[in-house]
Amino acid sequence: MAAYQMNRVFVSSLMLFVMIGSLKAQVADLEAICGKAKNQSFCTSYMKSNPKTSGADLQTLAKITFGSAQTSASEGFKKIQSLVKTATNPTMKKAYTSCVQHYKSAISSLNDAKQSLASGDGKGLNIKVSAAMEGPSTCEQDMANFKVDPSAVKNSGDFQNICGIVLVISNMM
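Let me begin by describing the structure that accompanies this report. For clarity, every value in this text was computed on a predicted model and none was experimentally measured.

Section: the overall build of the protein chain
A count of helices and strands for the protein chain gives seven helices and zero strands. Burial status across the protein chain gives 38% buried among its 173 residues. Counting only contacts in the protein chain whose residues sit at least 6 apart along the sequence, the fraction spanning at least 24 positions is 70%. Surface exposure of the protein chain reaches about 10200 Å², of which carbon and sulfur atoms provide 58%.

Shown next, in the form of structure tokens:
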């Protein structure tokens, strides 16, 4: 009889933990997320283009979009770094070199944000991703006065849009 009672308590406890865990892992509402994004059409296209986002919970979606932000920052950094190497105009070279530093700062902020993401700290993630957004944004503003390779500026826009999605998600965590 005691073994039966112990078994019932164990099974009941196990079911409770499974139910609590499944409540936390609800499928993220992509429509609600994109509805709050600064660039809603970009968000919708991004979500539809990545099959991993369908059915993902909020934490998983945060990891997916954060990974995309890291990739975008890295690609932007590499692109601008290559522009520094090929620039012949000293003023342009200086502008690109400045942008490389801004992207390094953004990548550093994203590396700091990884810890907040891993621990589920939405507020910390939001603050650090917001800081990361400043680098490419400053780069874009600095280069507005120059004729630049449009792909360098495009990456900055994509980076901003992806980070904007991460900010929306972080506010829901």
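Back to the text.
Some thoughts on helix 4 (residues 58-86)
Taking 1.5 Å of rise per residue, the 29 residues of helix 4 would be expected to cover 42 Å, and the 42 Å separating its terminal C-alpha atoms lies within 8% of that figure. At the N-terminal end of helix 4, a side-chain oxygen is found 3.3 Å from the backbone nitrogen of Gln59, two or three residues along, and the residue is Asp57.

Here's the deal with helix 5 (residues 90-119)
The end-to-end C-alpha separation of helix 5 is 45 Å, in line with the 44 Å expected for 30 residues at 1.5 Å each. Along helix 5, the helix axis deviates most sharply at Ala113, where the bend reaches about 25 degrees. Within the span of helix 5, buried status applies to Met92, Ala95, Tyr96, Cys99, Val100, Tyr103, Ala106, Ser109, Leu110, Ala113, Ser116 and Leu117. The positive-phi residue at the C-terminal boundary of helix 5 is Gly120, with phi of around 75 degrees.

Remarks on the environment of Asp142
Among the structural elements, Asp142 can be located in helix 6 (residues 122-143). Judged by its relative accessible area of 35%, Asp142 falls in the partly exposed class. Sequence separation between Asp142 and Tyr96 is 46 residues, and the spatial gap between their C-alpha atoms is 9.4 Å. Look past the residues within four positions of Asp142 in its chain and what remains in contact with it is Ser98 and His102.

Regarding the packing of aromatic side chains
If you walk through the whole model with that rule in mind, you get one aromatic pair. Ring centres of Phe42 and Tyr46 lie 6.5 Å apart, and the angle between their planes is 10 degrees; this geometry places the pair in the stacked category. Of this pair, Phe42 and Tyr46 both sit in helix 3 (residues 40-49), four residues apart, which is roughly one turn of the helix. Take Tyr46: its relative accessible area is 9%, and that puts it in the buried class.

Quick look at the nonpolar core
Ile33, Met47 and Val129 are the most contacted members of the largest nonpolar core, which totals 31 residues. Considering every element that reaches this core, the biggest residue donor is helix 7 (residues 150-172), with eight residues. Beyond its immediate chain neighbours, meaning those up to four positions away, Ile33 contacts Ala28, Cys43, Met47, Leu58, Leu61, Ile165, Val168, Ile169 and Met172. By size, the runner-up hydrophobic cluster in this structure holds 15 residues, among which are Phe77, Ala87, Cys99 and Cys139.

Observations regarding the state of the cysteines
Think of a disulfide as a covalent bridge from one cysteine sulfur atom to another cysteine sulfur atom. Using the criterion set out here, one finds two disulfides in the structure. Disulfide pairing places Cys34 opposite Cys43 at an S-S distance of 2.1 Å. Between Cys34 and Cys43, the disulfide has an S-S torsion of -75 degrees and is therefore left-handed. Numbered by position along the chain, the disulfide-linked cysteines of the protein chain connect as 1-2, 3-4.

Re the packing of helix 5 against helix 6
Between helix 5 and helix 6, the least distance of the axes is 8 Å, while the angle of their chain directions is 170 degrees. Our classification of the angle between helix 5 and helix 6 gives roughly antiparallel. Looking at the contact of helix 5 with helix 6 residue by residue, the classes come out as 15 nonpolar, seven polar and three charged.

The rules behind each value
Residues numbered from 1 in each chain as written. Predicted model: local features only at pLDDT ≥ 70, side-chain atom pairs only at ≥ 80, totals over all residues. Heavy atoms only, no water. Helix = DSSP H or I, 4+ residues; strand = E, 2+ residues; numbered from the N terminus. Buried < 20%, exposed > 50% of the residue type's maximum accessible area, 1.4 Å probe, protein only. Contact = heavy atoms within 4.5 Å. Areas by Shrake-Rupley, 256 points an atom, 1.4 Å probe, with all protein chains shown as cover. Expected span 1.5 Å × (residues − 1). Polar contact = N/O pair within 3.5 Å; in protein donor to acceptor, adjacent residues only side chain to side chain. Bend = angle between axes of the 7 residues up to and from the residue. Phe/Tyr/Trp six-rings, centres within 6.5 Å; stacked < 30°, edge-to-face > 60°. Core = buried A, V, L, I, M, F, W, Y, C linked by side-chain atoms within 4.5 Å. Disulfide = S-S within 2.5 Å. Axes fitted to C-alpha atoms, helices over the stretch in contact; angles between N-to-C directions. Parallel < 35°, antiparallel > 145°, perpendicular 65-115°, else oblique. Nonpolar A, V, L, I, M, F, W, Y, C, P; charged D, E, K, R; others polar.

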